[in-house]
Amino acid sequence: MPQINLDYLKDFVSEAEIFSKKKAAENALSALVDKTGAGAEFTGFVSLPKDYDRGELLRIKRAAEKIRRQSDVLIVIGIGGSYLGARAVIELLQSPMRNSLPHEGPEIYFAGCSLSPDYMYDIARLCEGKEISVNVISKSGTTTEPAVAFRFFREMLEKRYGKEGARKRIFCTTDKEKGTLKALADREGYETFVVPDNIGGRFSVLTPVGLLPIAAAGIDPEELLSGAAEGMREYLSPKFEQNAAMRYAAARNILYEKGKTLELLVSYDPDFLQMAEWWKQLFGESEGKNHRGIFPCSATFSTDLHSLGQFVQDGSRTMFETVVRFKQAKHSFAVTEDRENADGLNFLAGMDMGEINEKARLGTLIAHTEGGVPNIIITSEAKTPNETGKLIYFFEIAVAISGYMLGVNPFDQPGVESYKKNMFALLGKPGFEDIKKALEAKI
């Protein structure tokens, strides 16, 4: 179970200050659970681990097996919450280099998350000479990035397999009843899975949005849900002292009040990089409203200590770090002895790289806190599906509590629409003519 360590805040935040937020955190959790807070219609993720439709989970597992049998490549089409969670879980539990390593099941690539022609071209090349399936994920079916990508890959499949063959290789995760993608899926006979109405995209990784690609990668979705169910028992506890999600939310809000407006999520494992990307959307889209919020960013240490370390150590004092630590690595890798000791590192001979990585973490922790950067430590037992389910649920509950404490609705995202309106106008979409004229005067 992910645990939180606030000991390295003691030079910045007192225990009394932490407990001064107890009532606010408990009230925020109560509003979340009782559905009395803003955006309550989108809080289905809170009870999802115990309310999950077992029939749909079985269909997900069957579809994943079909994809694994018939495909060398699975193209997952989506943007934001429609792909980040699945990619994060797959890379954390398997590897960022999964497609290049020996693996069971298809290679998995993510499209529809960019409008770059070069990115699309490269994915198309990776599909040459291979059997392909597609999982397109979109509530409406009209979001530009995934809709453009789906046009391309749907045409590719129909040219290669014919309409009937393509029908067996296209899986749509979309609205239960409405939207252009749902209408297309019904007309063409594609197998569909439901994006729940009461769960927003950034909270949807434990729905079919994330679970179908995750299962196609060979990861048991039931283990993720089981871990999240354990997280429910832990992080819905009404007692502040026993609830790590509440204390994390409280610490973040105190640091924000003290002028710490940037949170650097740090891991010492490159396979956590996409999990950090998922976290950035979860926290940035949930809290960044009404000119409030902590800016979420991330780094992988020790890699980024050689690029960002100087700024973290000696730059402006507007940040704090949240370090995600895994007690157990997936593998053991010992340093060998060199007869000449040319690099002077024989003192490390026989030591496991996991131990060296941990000493790097501790040394950095001391340096940064002494340099004026508060640190919050979140410890997970291991990189397993069960523990990952707990970690996902921890962050989801924590950001909801934190958003309520901040005084914003954690479940809407009004600012996301601004760039879309301008993009549509500049592209000449009907109905946006007046906006286009105003924009062209500014360009």
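Residues numbered from 1 in each chain as written. Predicted model: local features only at pLDDT ≥ 70, side-chain atom pairs only at ≥ 80, totals over all residues. Heavy atoms only, no water.

A word on the overall build of the protein
Helix and strand counts for the protein come out as 17 helices and 10 strands. Principal-axis analysis of the C-alpha atoms gives the protein an extent of 65 × 60 × 50 Å. Residue burial in the protein is summarised as follows: out of 443 residues, 53% are buried. A separation of at least 24 residues holds for 78% of the contacts in the protein among residues at least 6 apart in sequence. Seen as two clouds, the 55 positive and the 61 negative side-chain charges of the protein have centres 5 Å apart. (Helix = DSSP H or I, 4+ residues; strand = E, 2+ residues; numbered from the N terminus. Buried < 20%, exposed > 50% of the residue type's maximum accessible area, 1.4 Å probe, protein only. Contact = heavy atoms within 4.5 Å. Lys, Arg positive; Asp, Glu negative; His and termini not counted. Charge placed at Lys NZ, Arg CZ, Asp CG, Glu CD.)

Here's the deal with the side chain of E56
Here E56 shows up in helix 4 (residues 54-70). Look at E56 and you get buried, because its relative accessible area is 14%.

Points about helix 7 (residues 144-167)
Owing to its 3.6 residues per turn, the α-helix aligns residues three or four sequence positions apart on the same side. Between its first and last C-alpha, helix 7 extends only 22 Å over 24 residues, short of the 34 Å set by a 1.5 Å rise per residue. Maximum bend of helix 7: about 115 degrees, positioned at Y161. For helix 7, the full list of buried residues reads T144, E145, P146, A149, F150, F153, M156, L157, G165 and A166. (Expected span 1.5 Å × (residues − 1). Bend = angle between axes of the 7 residues up to and from the residue.)

Some points on the nonpolar core
Judged by nonpolar contacts, the single largest core of 91 residues is most densely connected at Y248, W278, F395 and I397. Top element by residues in this core is helix 15 (residues 385-406). It accounts for 12 residues. Each residue touching I397, except ones within four places of it in the same chain, is listed here: L29, L32, F45, V46, Y235, L236 and A245. Membership of the second largest hydrophobic core comes to 24 residues, among which are I132, V136, I170 and A185. (Core = buried A, V, L, I, M, F, W, Y, C linked by side-chain atoms within 4.5 Å.)

As for the packing of helix 7 against helix 8 (residues 180-188)
For the pair helix 7 and helix 8, the least separation of the axes is 14 Å and the interaxial angle reads 15 degrees. Classed by the angle they form, the pair helix 7 and helix 8 counts as roughly parallel. Relative to helix 8, the crossing made by helix 7 is right-handed. Across the interface between the two elements, F150, R154, K163 and R167 of helix 7 pack against L181, L184 and E188 of helix 8. (Axes fitted to C-alpha atoms, helices over the stretch in contact; angles between N-to-C directions. Parallel < 35°, antiparallel > 145°, perpendicular 65-115°, else oblique. Left-handed = near helix turned anticlockwise from the far one by under 90°.)

Topic: the sheet that holds strand 8 (residues 295-300)
The sheet built from five strands is open, its strands ordered 1-10-9-7-8 with mixed pairing. Edge positions in the open sheet fall to strand 1 (3-5) and strand 8, since each of these has one partner strand only. Each strand axis lies, on average, 25 degrees off the axis of its neighbour in the sheet, ignoring direction. Sheet analysis places strand 7 (residues 262-267) next to strand 9 (residues 319-328), joined by six bridges and oriented parallel. Opposite E263, over in strand 9, you have F320 as the bridge partner. Where helix 15 meets the sheet, it contacts strand 7, strand 9 and strand 10 (375-382), and its direction lies at approximately 150 degrees from that of strand 10. (Pairing = 2+ DSSP bridges.)

So, the pattern of salt bridges
Counted under the stated rule, the structure contains 38 salt bridges. The residue K383 makes a salt bridge to D271 at a minimum N-O spacing of 3.1 Å. Separated by 112 residues along the polypeptide, K383 in the loop between strand 10 and helix 15 and D271 in the loop between strand 7 and helix 12 (273-287) bring together distant segments of the chain. With a relative accessible area of 10%, K383 lands in the buried category. By relative accessible area, which is 11% here, D271 ends up buried. Where salt bridges share partners, they join R154, E158, K163, R187 and E188 into one cluster. (Salt bridge = Lys/Arg side-chain N within 4 Å of Asp/Glu carboxyl O.)

Some points on the sheet that holds strand 6 (residues 191-194)
Strands sit in the order 3-2-4-5-6 across an open sheet of five strands; the sheet is parallel. On the outer flanks of this sheet lie strand 3 (107-111) and strand 6, each paired with one strand and no other. The average angle at which neighbouring strand axes cross in this sheet is 20 degrees, direction not considered. The sheet contact formed by strand 2 (residues 73-77) and strand 4 (residues 132-137) spans five bridges and is parallel. Across the sheet, residue I75 finds its bridge partner in strand 4, namely V134. Where helix 9 (residues 208-216) meets the sheet, its contacts fall on strand 2, strand 3, strand 4, strand 5 (170-174) and strand 6, and the angle it forms with strand 4 comes to roughly 160 degrees.

Considering a negative patch on the surface
A grouping of E337, D338, E340 and D343 is seen on the molecular surface, where their side chains present a negatively charged patch. When you line up the elements, E337 lands in the loop between strand 9 and helix 14 (353-370). Overall, E337 belongs to the exposed group, its relative accessible area being 62%. (Patch = residues over 30% accessible without salt bridge, like charges linked within 9 Å, V, L, I, M, F, W, Y side chains within 5 Å. Areas by Shrake-Rupley, 256 points an atom, 1.4 Å probe, with all protein chains shown as cover.)

Examining the packing of aromatic side chains
For any two aromatic rings, the description comes down to two numbers: the centre-to-centre distance and the angle of the planes. Applying the stated rule across the entire model yields 16 aromatic pairs. With centroids separated by 5.5 Å and ring planes inclined at 50 degrees, the aromatic side chains of F203 and F411 adopt a geometry described as tilted. One end of the pair, F203, is in the loop between strand 6 and helix 9; the other, F411, is in the loop between helix 15 and helix 16 (416-427), with 208 residues separating them in the sequence. Residue classification places F203 among the buried residues on the basis of a relative accessible area of 2%. Ring geometry for Y248 versus F395: centroids 6.2 Å apart, planes at 65 degrees, classification edge-to-face. Within this pair, whereas Y248 is found in helix 11 (residues 244-257), its partner F395 is found in helix 15, the two being separated by 147 residues in sequence. Neither Y248 nor F395 differs from the other in exposure class; each is buried. What links up through ring pairs into an aromatic cluster is the set Y235, Y248, W279, F283, F394 and F395. A cation sits over an aromatic face here: R169 above Y161, 4.1 Å from the ring centre. The lysine or arginine in question, R252, covers the ring of Y248, its NZ or CZ lying 5.7 Å from the ring centre. (Phe/Tyr/Trp six-rings, centres within 6.5 Å; stacked < 30°, edge-to-face > 60°. Lys NZ or Arg CZ within 6 Å of the ring centre and 35° of its normal.)

Just geometry here; none of it tells us what the structure is for.
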